[in-house]
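Per-entry structural report
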Amino acid sequence: MGELLPLLIQGAWVTLQVTFFGSLLAIVSAVLAALGRLSPWRALRWFSITYIEVFRGTSLLVQLFWLFFVLPLPPFNIELSPYAVAIVGLGLHIGAYGAEVMRGAISSVAKGQYEACTALNFSGFKRFKRIILPQALLAAIPPGTNLLIELLKNTSLVSLITLSDLSFRARQLDQATFQTLEIFSLALVMYFILAQAINLGMRHVERRLSRGRMRGGLS
């Protein structure tokens, strides 16, 4: 076990990096796509709808293969490393689901909040940054946490584009040592620990935002 654990930890480190940067991209994509869905500009609205429906309506595995194998071909001629493909593919895929979560969260903000911002002569950007976004994020955290954990679990697919993540290392060690029970039990525990870290981190963020609301900062 002393020989197996360091290699699994190396794979878990890759999984953690892909999860972290993929989550950042997913959050940014979700917010921008949600705003696009709510935009009065038809072109932007349809662009956001197209992004959401394409990434929600197709397989993540096919998306990863497309980014990894098809983009380098003409007429695209764009070659990405397996690491970049993993982050972009997972981030955009989960971001498409998160966009609908954010759209619902933004729409759930009471109309009185908008009216109060107008009465205070807030600009559109200041209204969104100071009033709407914090309340929307608070409402989006519970379903958003589920999506981030789903992103973590979906990182197991990136081993199919030659990235040495936790799943790749587990299968590699299993084929070399045949210690299937020990290896996959360790991998299971590592995935569980990473998922709980995401869960605890999001609960901390939720408590911080909730305290601000109770003090009147978001009300």
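Treat the numbers as computed from the prediction; the structure is a model and nothing was measured.

Describing the UniProt feature "transmembrane region" (unreviewed entry) in the protein chain
Per the UniProt record, "transmembrane region" (unreviewed entry) is annotated on residues 12–35, 47–68, 80–99, 131–149 and 183–205. Secondary structure over residues 131–149 splits into 100% helix and 0% strand, and the C-alpha atoms at its two ends are 27 Å apart. Counting secondary structure, residues 183–205 comes out at 100% helix and 0% strand; the distance between its end C-alpha atoms is 33 Å.

Here we look at the UniProt feature "domain: ABC transmembrane type-1" (unreviewed entry) in the protein chain
With numbering aligned to this structure, UniProt lists the feature "domain: ABC transmembrane type-1" (unreviewed entry) at residues 12–199. In this annotation, residues 12–199 is assigned 81% helix and 0% strand; the end-to-end C-alpha distance for the span is 17 Å.

A few points about the side chain of Asp165
Tracing the chain through its elements places Asp165 in the loop between helix 6 (124–154) and helix 7 (166–177). Here Asp165 is buried and forms no salt bridge, its nearest opposite-charge partner Arg171 lying at an N-O distance of 5.7 Å. When neighbours within four sequence positions are excluded, Asp165 is seen to be in contact with Gly11, Val14, Thr15, Thr155, Ser156, Val158, Ser159 and Tyr191.

Here's the deal with the nonpolar core
One recurring pattern in soluble globular proteins: nonpolar side chains tend to sit buried together. Of all hydrophobic cores here, the largest spans 21 residues; its most connected members are Leu8, Leu152, Leu166 and Ile198. Among the secondary structure elements, those contributing two or more residues to this core are helix 1 (4–38), helix 6, helix 7 and helix 8 (180–214). Counting residues per element, this core draws most heavily on helix 8, which supplies 10 residues. When residues no more than four places from it in sequence are discounted, the contact partners of Ile198 are Thr19, Leu148, Ile149 and Leu152. Ranked by size, the runner-up nonpolar core spans 17 residues in total, among them Val14, Leu60, Leu90 and Ile94.

Quick notes on the side chain of Asp174
Position of Asp174 relative to the elements: it lies in helix 7. It is Arg171 that comes nearest to the buried, bridge-free Asp174 among opposite-charge side chains, at 8.3 Å. Those residues in contact with Asp174 that lie beyond four places of it in its chain are Gln179, Thr180, Ile183 and Phe184.

Some thoughts on unusual backbone geometry
Here Pro74 and Pro75 are connected by a cis peptide whose omega angle stands at 5°. Although it is not a glycine, Thr162 adopts a positive phi angle of roughly 70°. Tracing the chain through its elements places Thr162 in the loop between helix 6 and helix 7. A positive phi is found at Phe178, a non-glycine position, where the angle reads about 60°. With respect to the helices and strands, Phe178 occurs in the loop between helix 7 and helix 8.

Overview of the packing of aromatic side chains
Considering all chains together, one arrives at five aromatic pairs under this definition. Measuring from centroid to centroid gives 5.2 Å for Tyr51 and Phe55, while their planes differ by 55°, and the two rings are tilted. Here Tyr51 pairs with Phe55, and both are found in helix 2 (residues 42–57), just four residues apart, close to one helical turn. Tyr51 gets classed as buried once you look at its relative accessible area, which sits at 14%. The class of Phe55 is buried, set by a relative accessible area of 18%.

Thoughts on the packing of helix 3 (residues 60–70) against helix 4 (residues 82–107)
Viewed as axis vectors pointing N to C, helix 3 and helix 4 meet at an angle of 140°, and their least axial separation amounts to 9 Å. Taken as axis vectors, helix 3 and helix 4 run oblique relative to one another. Of the two elements, helix 3 crosses helix 4, and the hand of that crossing is right-handed. The segment helix 3 lies against helix 4, with Leu60, Gln63, Leu64, Leu67 and Phe68 engaging Pro82, Val85, Ala86, Val88, Gly89, Leu90 and His93.

What counts, and where the lines are drawn
Residues numbered from 1 in each chain as written. Predicted model: local features only at pLDDT ≥ 70, side-chain atom pairs only at ≥ 80, totals over all residues. Heavy atoms only, no water. UniProt positions renumbered as here; feature names shortened; annotations may be inferred. Helix = DSSP H or I, 4+ residues; strand = E, 2+ residues; numbered from the N terminus. Buried < 20%, exposed > 50% of the residue type's maximum accessible area, 1.4 Å probe, protein only. Lys, Arg positive; Asp, Glu negative; His and termini not counted. Salt bridge = Lys/Arg side-chain N within 4 Å of Asp/Glu carboxyl O. Contact = heavy atoms within 4.5 Å. Core = buried A, V, L, I, M, F, W, Y, C linked by side-chain atoms within 4.5 Å. Phe/Tyr/Trp six-rings, centres within 6.5 Å; stacked < 30°, edge-to-face > 60°. Axes fitted to C-alpha atoms, helices over the stretch in contact; angles between N-to-C directions. Parallel < 35°, antiparallel > 145°, perpendicular 65-115°, else oblique. Left-handed = near helix turned anticlockwise from the far one by under 90°.

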